[in-house]
Amino acid sequence: VEEDGEAWYVDPATYKKYYLKDGNSAYTALGAFGLGIKNSDLAKIPGGVETRFQLQDSDSDGLDDKIETALGTDPKNPDTDGDGYSDGDEVKKGYDPLGSGTLPLNTAFANKLKGKIVLQVENGGQAWYVNPVDGKRYYMADGELAYQIMRFLSLGITNTDLRQIPVGEFR
């Protein structure tokens, strides 16, 4: 918070910090820190929607087109399952945008993954960041979106406190 809003990722396993200078370095973090997760387990973590991200929402349902593709909803149809509720509203409220009812959310499970990057192994390795503040998952479609997620969902820290965290290096 005392510099130019530089983004750092602190690995919750090693407690080392990694500088995320741009989209490429943020995307490198995905491979370095991602944990594999099955679709059934990923569905237990609520979906997050952040309005500050610079995204494209072709159907104006409140979900970015890339997120819709990852979720399996139609980026050109605001109500994929035709139930009268927009896909964005359903995701925000924990309902299934592809069918009826609620998603099998599990707060205790989501809490164990707070601050981590998970890779959806059954779906091409799609990356999600589980925000430590709200326990929701945010889709990291590419380096630019990964950088935005880290930038906007990060916690502020002073230079003095940041210096106390050892620096790690990407391999």
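Before reading on, note that the structure itself is shown above.
Residues numbered from 1 in each chain as written. Predicted model: local features only at pLDDT ≥ 70, side-chain atom pairs only at ≥ 80, totals over all residues. Heavy atoms only, no water.

Colleague: Explain the environment of Leu-145 here, please?
Modeller: Along the chain, Leu-145 turns up in helix α6 (residues 143-153). Here Leu-145 falls in the buried class, since its relative accessible area comes to 3%. Through-space distance from the C-alpha of Leu-145 to that of Phe-53 is 7.7 Å; in sequence the pair is 92 residues apart. In this structure, Leu-145 is in contact with Phe-53, Leu-55 and Tyr-139, ignoring residues within four places of it in sequence. (Helix = DSSP H or I, 4+ residues; strand = E, 2+ residues; numbered from the N terminus. Buried < 20%, exposed > 50% of the residue type's maximum accessible area, 1.4 Å probe, protein only. Contact = heavy atoms within 4.5 Å.)

Colleague: Can you walk me through the pattern of salt bridges in this structure?
Modeller: When the charged atoms of two side chains lie near each other, side chains of opposite charge can form a pair. Under the definition given, this model contains two salt bridges. Note that Asp-41 and Lys-44 form a salt bridge whose closest N and O atoms lie 3.1 Å from each other. Since its relative accessible area comes to 25%, Lys-44 is described here as partly exposed. Of the charged contacts in the structure, one is a salt bridge between Asp-142 and Lys-66, with a shortest N-O distance of 2.5 Å. In this pair, Asp-142 sits in the loop between β6 (137-140) and α6 while Lys-66 sits in helix α3 (residues 65-71), placing the two residues 76 residues apart along the sequence. On the basis of relative accessibility, which here comes to 23%, the residue Asp-142 falls in the partly exposed class. (Salt bridge = Lys/Arg side-chain N within 4 Å of Asp/Glu carboxyl O.)

Colleague: Explanation requested: the pairing of β6 in the structure shown.
Modeller: The two faces of a sheet get side chains in turn, since along a regular strand they alternate between them. Side chains Arg-137 and Tyr-139 of β6 all project onto a buried face; the interleaved residues Tyr-138 and Met-140 project onto the opposite face, where all are buried too. Remark: six residues form the turn of the hairpin made by strand β5 (residues 126-130) and β6, two consecutive strands paired antiparallel; Gly-135 in that turn has positive phi of roughly 70°. (Pairing = 2+ DSSP bridges.)

Colleague: What is the right way to look at the packing of helix α1 (residues 23-33) against α6 in this model?
Modeller: Describing two packed helices takes the angle between their axes plus the distance from one axis to the other. Contact geometry for α1 and α6: axes closest at 7 Å, N-to-C directions at 90°. Comparing the axis directions of α1 and α6 gives the class roughly perpendicular. Residues Gly-23, Ala-26 and Tyr-27 of α1 form the contact with α6, whose participating residues are Gly-143, Glu-144, Ala-146 and Tyr-147. In terms of residue class, the contact of α1 with α6 is made up of four nonpolar, two polar and one charged. (Axes fitted to C-alpha atoms, helices over the stretch in contact; angles between N-to-C directions. Parallel < 35°, antiparallel > 145°, perpendicular 65-115°, else oblique. Nonpolar A, V, L, I, M, F, W, Y, C, P; charged D, E, K, R; others polar.)

Colleague: Would you mind going over the layout of surface pockets with me for this structure?
Modeller: The rolling of a water-molecule-sized probe over the atoms marks out the regions of remaining empty space. Here the largest pocket defines a volume of roughly 680 Å³. Trp-8, Ser-154, Leu-155, Gly-156 and Ile-157 are the residues nearest the centre of the largest pocket, which is lined by 26 residues in total. For the lining of the largest pocket, the elements supplying multiple residues, two or more each, are β1 (7-10), α6 and α7 (159-163). Element by element, the count of residues in the lining of the largest pocket is highest for β1, at four residues. Split by residue class, the lining of the largest pocket holds 14 nonpolar, five polar and seven charged. In this structure, the second largest pocket occupies an estimated 260 Å³ of space. Around the second largest pocket, the lining is made up of 15 residues, and of these Ala-43, Leu-71, Leu-98, Leu-103 and Arg-137 lie nearest the centre. Of all elements in the fold, only α2 (39-42) and α3 reach the threshold of two or more residues within the lining of the second largest pocket. (1 Å grid on protein atoms, 1.4 Å probe; cavity = no way out; pocket = protein on both sides within 12 Å on 5 of 7 lines; lining within 4 Å. Points joined across faces, edges and corners; volume = space filled by probe spheres on them.)

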